[in-house]
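Structure at a glance
Spelled out from the first residue to the last, the chains are:
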Amino acid sequence: MVDRRNVIAGVGAVATSLAAAANAEGAEVQLELALENYATPWNPPDPVIAGRQNIVPAPEDYFMPGRFAGKTALVTGCARGMGRLAAIRLAREGANVVGVDWLAEEGRAVIGSINREGGKAIFVQGDISETAVCDAMVKAAADTYGGLDCALNNAGVMDAIFPGDPIDFEKQKDLVMSRIDQATDAYWDVVMRVNATGAFRSMRAELRQFLRQQRGGSIVNVASVAGLRGFGGTPSYVASKHAVNGLTKNAAIDYAPFGIRVNSVCMGTTITPMYERAFELLRQRAAGGYRDTGIGMLKIDSLLQWSNQEKRGSTAAEQVAMMLFLLSPESSNLTGANFATDGGFTTY
């Protein structure tokens, strides 16, 4: 039997070499997603439900050479998780990438790896909730690459702890997600500022550039299933992601006449550093004796997560695949949608 991990690794290696050849020779290269099957059987089989299958996740190294050739893409929150992978894949697909993050060292490392691989990318350090940073990132795209074609507004937080700081719940209680009667101004203000105000200021700078250029563009905002329904114990995150989805619809209406499309993606459990940080906070809080009603955890699995033998959440690669599709010209008829990229979480 062929090891699926080897197949996935092979796809990435072939894709990298093909992309390099295409860049060097100007050749048009097409690459197919080489997976054996859509799904693989449970091993050992489920003794209760016969024929259960695990979905095979999209390979992290997969990309489509040339899809963004000649285009310039902006990615906020490029240092880690989905933003990191999106920046790398955009570059491999031919885009000039402007990466933005307030984690300077990690952000520069991602951009450096893109350039060493033969891609084109620059880094802008800063907090996207600040107008000056948003204006600077768009100006960097215009000054360096002559304009901006698409933007992935990915930067976001679940709590008010700076992402570069280690987790210590006892010292950070006032910065951690809590239900409304226990939540502090610091928690509320930071999460709303980064997620909602940051999305607004990012979009404002991007849309102004698109209007100046008069050649359209595409924006994808990263929201969450928390922006489609309620979640217990995270009022600022839920409110801010609803705001992101509302901004997405508002902008889609106002800018459709100018050839500008705006969509959002709303993932459920996705295995990223932010997800891991959040659960470490919850673990430390529970270890300190914290108890709540438990009602917020009545439903935690998506359809695909429950169906998976290891109960895995989605991967960054699975989310990035949808983000890049929406950024690309392939999604020319899609705007104003809040896509539930949640493995069926909101279906039932």
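Because the structure is a prediction, the values reported are computed rather than measured.

Take the confidence of the model for the chain next. Counting all residues, the mean pLDDT for the chain is 90, and 90% of those residues have values of 70 or more. The element-level mean pLDDT for the chain is lowest in helix α1 (residues 4-25), coming to 42, with strand β8 (residues 260-265) highest at 99.

Mapped onto the elements of the fold, T72 is located in strand β3 (residues 72-76). Ignoring sequence-local partners within four residues, the contact set of T72 consists of N96, V98, A141, Y145, G147, L148, D149 and C150.

Before going further, it helps to spend a moment on the pairing of β8. Most of β8 is tucked away, with six of its six residues classed as buried. Across six bridges, the pairing between strand β7 (residues 217-222) and β8 is parallel. In the sheet register, N221 faces β8, and the bridge partner there is S264. As paired elements, β8 and strand β9 (residues 338-339) share two bridges and run parallel to each other. The residue of β9 that forms the bridge with V265 is F339.

This part is about the pattern of salt bridges. When the charged atoms of two side chains lie near each other, side chains of opposite charge can form a pair. The tally for this structure, following the rule as stated, stands at 16 salt bridges. A salt bridge links D61 to R92, with the nearest nitrogen and oxygen atoms 4.0 Å apart. With D61 in the loop between β2 (53-55) and β3 and R92 in helix α2 (residues 81-92), the pair connects residues that are 31 residues apart, well separated along the chain. A relative accessible area of 32% places D61 in the partly exposed class. For R277, the salt bridge is made with D159, and the minimal N-O distance between the two is 3.6 Å. On the criterion of sequence distance, the pair formed by R277 in helix α8 (residues 273-287) and D159 in the loop between β6 (150-153) and α5 (169-172) is long-range, its members being 118 residues apart.

All right, on to the nonpolar core then. Membership of the largest hydrophobic core comes to 36 residues, with the highest contact counts inside it found for L74, V100, M137, M177 and V262. Elements that contribute at least two residues to this core include exactly β4 (96-101), α4 (131-145), α6 (185-213), α7 (235-255), β8 and α8. Setting aside chain neighbours within four positions, we find M137 in contact with L74, T76, V98, V100, V124, I128, S202 and E206.

So, about a nonpolar patch on the surface. On the surface, I55, L303, L304 and Y348 cluster together to form a nonpolar patch covering roughly 380 Å² of accessible area. Using a relative accessible area of 38% as the deciding quantity, one classes L303 as partly exposed.

Conventions we followed
- For every chain, the first residue of the written sequence is number 1, and numbering continues from 1 onward in sequence order.
- Only residues with pLDDT of 70 or above have their local features reported here, since the model is predicted, and side-chain atom pairs are shown and tallied only from 80 upward, although totals for entire chains, interfaces and linings are computed over all residues.
- Hydrogen atoms and water are omitted, and side-chain values are computed over all heavy atoms in the structure.
- The pLDDT score gives, residue by residue, the confidence of the prediction method on a 0 to 100 scale.
- Runs of H or I in DSSP of at least four residues are treated as helices and runs of E of at least two as strands, each being numbered from the N terminus.
- Whether two residues are in contact is decided by their heavy atoms: any pair within 4.5 Å suffices.
- Note on exposure labels: buried denotes an accessible area under 20% of the residue type's maximum, exposed denotes more than 50%, and partly exposed covers the range between, all computed with a 1.4 Å probe on protein chains only.
- At least two bridges found by DSSP between two strands are what make those strands a pair.
- Salt bridges are counted wherever a side-chain nitrogen of Lys or Arg sits within 4 Å of a carboxyl oxygen of Asp or Glu.
- Put simply, buried Ala, Val, Leu, Ile, Met, Phe, Trp, Tyr and Cys residues joined by side-chain atoms within 4.5 Å make one nonpolar core.
- Excluding any residue in a salt bridge, patches collect residues exceeding 30% relative accessible area, merging like charges within 9 Å and nonpolar Val, Leu, Ile, Met, Phe, Trp and Tyr side chains within 5 Å.
- Only the protein chains shown count as cover for residues, and all accessible areas are computed by the Shrake-Rupley method using a 1.4 Å probe.

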